[in-house]
Amino acid sequence: MCGPGARRLASILPRVWVRRLDVGWEWVMLRLEILLDSTVKVLGPLYVLLALVLILAIIYLAFTLLLPMSWPMHTPAGICHGIAAAWVSFNILFNFYCAATRHPGSPPPLALPDKESRGPQGDVRLSMGRAVADMQLNLSDSMPCVRWCDKCQNLKPPLTHHCHICERCVLKMDHHCPWMHNCIGLRNYRYFFLFLLYLWVGCGYSVVVATMLIADRGKDGRASPGVIFTFVVALAAFIAIALLLAWHVYLVATAQTTIDFYDFVLRRREARRAGRVWVNEFDLGVCRNFQAPLTCRGRCGRCSCCCRAPPCPEATASTSHHP
C-alpha cells in the first residue's frame, strides 16, 4: 500500500503538469500571435495592391466590355448607365482611399496619473474634462471606467483598444483591415462602411449585366470569355461583401464594434447568471446609431460623404439593471 506521502505526491504531479501545459500553450499562442501580426504588417502593402487590382479590374471590364455590349454609349440608356457606373466607381475608390489613408483616431496625450491611482488591472477613474470633448466622446454622468494602456502610457476611453500591428491605441476600434493596411476606428469607419456598400452595389450591378449578356449570348451561341470571367469574379465578391456588409449593418444598428461584440456577449452572460438584464449603454436606437458613425455636422450640414470625421456615439444608460 502507498503511504500518505506517495498519495500526496501523486495528487500534486498532475496539477504541476497541467500548469506547465497551460504555460506552454500560452507561450505558443503568444508567439503565433506575434508572428501573425508581423506577417500582416509586412504584407500589408501587398494586400492593398491586390485589393486595388481586383477592384480596378472589375471597373475596367464593366466600362470596356459589359456596358458597350449592353447599351450603345451614344444612346440615352448608355449615357445613363455610364453616369451611374462612373458614380459608383468613384465612390468605391474614394471611400477606399479615405479608409486606407485617414488616421482612425487615437486618445490625445493626457497628464499621467500616479501609479497609486491605478487599479490592479490598470483601471482608473478620472474626469476626462476638456480632453473628452476633443475626442468627441460625449459620456454620461455615470462615466464608465477608463482603462490604462501600459504600451502607449495613456488612457483608454471606452471602446478604445490597442492595435498590436499599428502599435497604437485606436478610438472606437472595430478591427485592423489588412486589405487597407490600416485600423478601422472612429475617424474612418464611415468610409469603410460606405466602401463596402458601394462595392456591393457595383458588384451586384456587374452580375446583373453579365447575366443578361450570358443569357442573350452572341450569334455563335457562346458568351464572351471576358463576360464569363467578370460574372464569376463579381459574383464571388458580391456574396462575400454581402455577408460582411450585413455583419456591419448589424453592428451599427446595435451600437457595437467587431471587437466589443465578443466583450458584450460575455457581459450579457455574466449579467444573466447574476439575475440582471444587461443593457448596452451606447445603444441610442437604430436611427441614431446609424446617424452617429455615418453622418456629420459641419459647414456642409448633415451629409454622409464629406471629409470631416464623424462623432462618436453618446453613452446613455447604465450597463445593467435589475429586472
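Source: prediction; values computed, not measured. (Residues numbered from 1 in each chain as written. Predicted model: local features only at pLDDT ≥ 70, side-chain atom pairs only at ≥ 80, totals over all residues. Heavy atoms only, no water.)

Colleague: Break down a nonpolar patch on the surface for me, citing the residues and quoting the values.
Modeller: Taken together, the side chains of Val 42, Leu 43, Leu 46, Leu 49 and Val 53 define a hydrophobic patch exposed on the protein surface, amounting to about 460 Å² of accessible area. The topology assignment puts Val 53 in helix α1 (residues 4–70). Residue classification places Val 53 among the partly exposed positions, given a relative accessible area of 48%. (Patch = residues over 30% accessible without salt bridge, like charges linked within 9 Å, V, L, I, M, F, W, Y side chains within 5 Å. Areas by Shrake-Rupley, 256 points an atom, 1.4 Å probe, with all protein chains shown as cover. Salt bridge = Lys/Arg side-chain N within 4 Å of Asp/Glu carboxyl O. Helix = DSSP H or I, 4+ residues; strand = E, 2+ residues; numbered from the N terminus. Buried < 20%, exposed > 50% of the residue type's maximum accessible area, 1.4 Å probe, protein only.)

Colleague: Account for the state of the cysteines, with residues named and values stated.
Modeller: Using the criterion set out here, one finds zero disulfides in the structure. With no disulfide partner, Cys 169 has as its closest neighbouring cysteine sulfur the one in Cys 149, 3.5 Å distant. On the accessibility criterion, Cys 169 (3% relative accessible area) is buried. (Disulfide = S-S within 2.5 Å.)

Colleague: So what about the packing of helix α2 (residues 76–101) against helix α4 (residues 189–216)? Which residues, and what values?
Modeller: Contact pair α2 / α4: the axes reach a minimum separation of 8 Å and the direction vectors enclose 145 degrees. The handedness of the crossing between α2 and α4 is left-handed. Residues His 81, Trp 87, Val 88, Asn 91, Ile 92, Asn 95, Phe 96, Cys 98 and Ala 99 of α2 form the contact with α4, whose participating residues are Tyr 191, Phe 192, Leu 194, Phe 195, Tyr 198, Leu 199, Gly 202 and Tyr 205. Here the contact of α2 with α4 is built from residues that sort into 13 nonpolar, four polar and no charged. (Axes fitted to C-alpha atoms, helices over the stretch in contact; angles between N-to-C directions. Left-handed = near helix turned anticlockwise from the far one by under 90°. Contact = heavy atoms within 4.5 Å. Nonpolar A, V, L, I, M, F, W, Y, C, P; charged D, E, K, R; others polar.)

Colleague: Before we move on, can you summarise the side chain of Ser 89 with the specific residues and values?
Modeller: If you trace the backbone, Ser 89 turns up in helix α2. By relative accessible area, Ser 89 is classed as buried at 11%. Residues within four places of Ser 89 in sequence aside, it is in contact with Ile 59 and Phe 63.

Colleague: Could you give me a rundown of unusual backbone geometry, with the residues and numbers involved?
Modeller: Positioned with a positive phi, Glu 167 is a non-glycine residue whose angle comes to about 60 degrees. The phi angle at Lys 172 is positive, at roughly 50 degrees, despite the residue not being glycine. A relative accessible area of 17% places Lys 172 in the buried class.

Colleague: Help me get a handle on the packing of aromatic side chains, residues and values and all.
Modeller: Scanning the model with the defined rule gives 13 aromatic pairs in all. With a centroid separation of 6.3 Å and an interplanar angle of 45 degrees, the aromatic rings of Tyr 189 and Phe 192 are classed as tilted. Residue Tyr 189 and its partner Phe 192 are located together in helix α4, separated by three residues, close to a single helical turn. Both residues of the pair, Tyr 189 and Phe 192, belong to the buried class. A cation sits over an aromatic face here: Arg 190 above Tyr 191, 4.9 Å from the ring centre. (Phe/Tyr/Trp six-rings, centres within 6.5 Å; stacked < 30°, edge-to-face > 60°. Lys NZ or Arg CZ within 6 Å of the ring centre and 35° of its normal.)

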